[in-house]
Amino acid sequence: MSGIAGYGRKMPASDDALVVLDKVNKHFGELHVLQDIDLSVTRGEVVIVIGPSGSGKSTLCRAINRLETIDTGTITVDGEVLPQEGKALARLRADVGMVFQSFNLFAHKTILENVTLGPVKVKKEPKKQAETEAMALLERVGVANQAQKYPAQLSGGQQQRVAIARSLAMKPKVMLFDEPTSALDPEMINEVLDVMTDLAHEGMTMIVVTHEMGFARKAANRVVFMADGRIQEQAEPEQFFTNPQSERAKDFLSKILTH
């Protein structure tokens, strides 16, 4: 997807914050991977997080879903502070969809079973209703004709689209994507980014860690640039890509946009 000037989406008008990180810190041993992170994501906003390897992007994403614990600070989703554990955490996790680099599908279950598992087990939806909704979602991501197959029978791009459908089946308030195309062959990347772009334009709140700069230009309301465990700067995509303010961002863009 080529980034076309002026393509980025405007910020949602509402100041209705859905995800708020306040002074979040995280260490891995001596390494201070998240340093005083303040970030607020509005309902319906698409925030793309970019930066060099080791900058804390994936840890940030995983902390929002509490796959990583934080040392200090708070993370709230729709006004509720992330609980430590237990049923309250499971409930909150259902509101936060997550798509990883690896597709994490259950190999011994069909595509349809993979997508219906959460709604039936966690949300106690009737199986028939879950299947009807799952088929609609598989149709939406373009793999409805694969419903009775097993993950190993699908391409990487198809599996990742199933993973997106599986997250959407839980009717999340926000979707987190942690480098969802980095494990894919180049020809499969666009089919996944196309689904994500459609989601963005439909108003899904999304936080996306990615190396795909064309997608960032096209789908983001805001680009957040991280380096050394900190948010170095954030701006609308056109401004960020044409006029970065920090030296770290200028250096990063000069390296990736010339190749």
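Fair warning: this is a prediction, and the values are worked out from it, not measured in the lab. (Residues numbered from 1 in each chain as written. Predicted model: local features only at pLDDT ≥ 70, side-chain atom pairs only at ≥ 80, totals over all residues. Heavy atoms only, no water.)

A. Inspection of the layout of surface pockets at higher detail. The volume enclosed by the largest pocket comes to roughly 560 Å³. Forming the boundary of the largest pocket are 19 residues, of which Arg93, Met98, Arg166, Ser167 and Met170 lie nearest the centre. Those elements giving two or more residues to the lining of the largest pocket turn out to be α2 (86-95), β6 (96-99), α3 (111-121) and α5 (156-168). For the lining of the largest pocket, the element with the highest residue contribution is α3, accounting for 4 residues. The class makeup of the residues in the lining of the largest pocket is 10 nonpolar, 6 polar and 3 charged. Counted as a void, the second largest pocket has a volume near 200 Å³. Looking at the second largest pocket, the residues that line it are Lys109, Thr110, Leu112, Glu113, Thr116, Leu117, Val120, Lys121, Lys127, Glu131 and Gln148. Listing elements by their share of the lining of the second largest pocket, those giving two or more residues are α3 and α4 (127-140). It is α3 that contributes the most residues to the lining of the second largest pocket, 6 residues altogether. (1 Å grid on protein atoms, 1.4 Å probe; cavity = no way out; pocket = protein on both sides within 12 Å on 5 of 7 lines; lining within 4 Å. Points joined across faces, edges and corners; volume = space filled by probe spheres on them. Helix = DSSP H or I, 4+ residues; strand = E, 2+ residues; numbered from the N terminus. Nonpolar A, V, L, I, M, F, W, Y, C, P; charged D, E, K, R; others polar.)

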